[in-house]
Amino acid sequence: MRITVEYIGFLKIEGVKSGTVVEFPEGTRAADILDRFKLTGSYRKFIIPIVNGERSPQDRALKDCDRVFIYLPVGGG
Amino acid sequence: MARGNRTRGANSGWLARNPPELGGVGGARVGIVGLGGLGSNVAMMLARAGVGALRIADFDRVELENLNRQHFFTAHIGLLKTDALAAQLRELNPDIELDLWPRRIEEPDLVAFSAGCDVVVEAVDDAATKSMLVDWFLGQRAAPWLVTASGLGGIEPSNAIRTVALADRIVACGDFSTPSEPDTGVCAPRVMLAASHQALAVLRILSNVDPALN
């Protein structure tokens, strides 16, 4: 299935610009996307996957044509 | 939003130069979580624009090292930030309605804290609480707007600070990259740039204008 992957700021995903449509197997969860792109540091627990503009637990299966915005807030205020 | 105009002299005097779109902000209530570099400055800017009611939360007291960016002065050192900020807000607008929460905001507090607010501003300094707030507001069907912030440290270029839509009724301001840590530091111009983005986003929301339209 095709998932549009978006992200912002200091997150870096090798070879995948924000807004790219990426092929994933059926049943892929947001957590699997984070694993595939090696977003596994200590900051992982702060990442919020926003799927089609809505809250989505990391272990929920995605659907074809979903849009996943990987948001990681940066400390400071 | 219309609860009557709490701002004295809203149609004359100190608000005479306000953009006409802000005519209704006197009847708005905005919640601000965190009164550091972002929150203290956002509060003052919203008060200057005539927002009639603010609900302000912070557990902390003013310290000397806060003064390079936070809207406090030496006379405030040692005071609760809620009290020190309230005094300044009332000096600006004696009729402003203030609800002080001198404590840390946790997830169980959010229903009560956001009740009656048109917008909530996330102005805390740790990523964990930012994440908690964004996640909570994402999960609500009828919560107020959230204006969050991410990335305002160092002396990176001003133009890297921007406002983006994260989701329905949630916008984020900052450069999304530069943390405020000991090695990056944090200074007034950049912090206040991010705070200005947040404050303007609030005013645009209150005026029914897309806050993330660039």
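Residues numbered from 1 in each chain as written. Chains lettered and ligands numbered in written order. Predicted model: local features only at pLDDT ≥ 70, side-chain atom pairs only at ≥ 80, totals over all residues. Heavy atoms only, no water.

**Q** Residues and numbers for the nonpolar core, please.
**A** Grouped together as the largest cluster of nonpolar side chains are 43 residues, with contacts concentrated most on B:Val30, B:Ile32, B:Leu46, B:Leu54 and B:Leu89. Elements with a minimum of two residues in this core: β1 (29-33), α1 (37-48), β2 (53-57), α2 (81-92), β4 (119-122), β5 (145-149), β7 (170-174) and α5 (188-206) of chain B. Here this core takes nine residues from α5(B), the largest share from any one element. In contact with B:Leu46, other than residues within four places in its own chain, are B:Val30, B:Ile32, B:Val51, B:Leu54, B:Ala199, B:Val202 and B:Leu203. Counting 28 residues, the second-largest nonpolar core is a separate cluster that includes A:Ile50, A:Phe69, B:Leu110 and B:Ala143. (Core = buried A, V, L, I, M, F, W, Y, C linked by side-chain atoms within 4.5 Å. Buried < 20%, exposed > 50% of the residue type's maximum accessible area, 1.4 Å probe, protein only. Helix = DSSP H or I, 4+ residues; strand = E, 2+ residues; numbered from the N terminus. Contact = heavy atoms within 4.5 Å.)

**Q** Describe the sheet that holds β2(B), naming the residues involved and giving the relevant values.
**A** In a beta sheet, neighbouring strands pair by backbone hydrogen bonds and run either parallel or antiparallel. Residue and element names in this part refer to chain B. Spatial ordering of the open sheet is given by β3-β2-β1-β4-β5-β7-β6, a layout of seven strands whose pairing is mixed. At either end of the open sheet lies a strand with only one pairing partner, and these are β3 (97-101) and β6 (162-167). Within this sheet the neighbouring strands show an average axis-to-axis angle of 20 degrees, counted without direction. Pairing geometry for β4 and β5, over three bridges, is parallel. Across the sheet, Val120 pairs through a bridge with Leu146, a residue of β5. Each of β1, β4, β5, β6 and β7 touches α5; the most contacted strand, β5, lies at about 170 degrees to it. (Pairing = 2+ DSSP bridges. Axes fitted to C-alpha atoms, helices over the stretch in contact; angles between N-to-C directions.)

**Q** Report on the pattern of salt bridges, specifying residues and quantitative values.
**A** Summed over all chains, the structure comprises 10 salt bridges over all chains. Note that A:Arg29 and A:Asp32 form a salt bridge whose closest N and O atoms lie 2.8 Å from each other. The salt bridge involving B:Asp109 is made with B:Arg103; its shortest N-O contact spans 3.4 Å. The class of B:Asp109 is buried, set by a relative accessible area of 16%. Judged by its relative accessible area of 39%, B:Arg103 is partly exposed. (Salt bridge = Lys/Arg side-chain N within 4 Å of Asp/Glu carboxyl O.)

**Q** If you had to explain the confidence of the model for chain B to someone new, which residues and values would you point to?
**A** Residues and elements named next belong to chain B. Predicted confidence across chain B gives a mean pLDDT of 93, with 94% of residues reaching 70 or more. Note on residues 1-5: pLDDT is under 50 here. Beyond four places in sequence and across chains, it has 16 contacts. The complex prediction reports pTM at 0.94, with the ipTM value standing at 0.92. (pLDDT = per-residue confidence, 0-100.)

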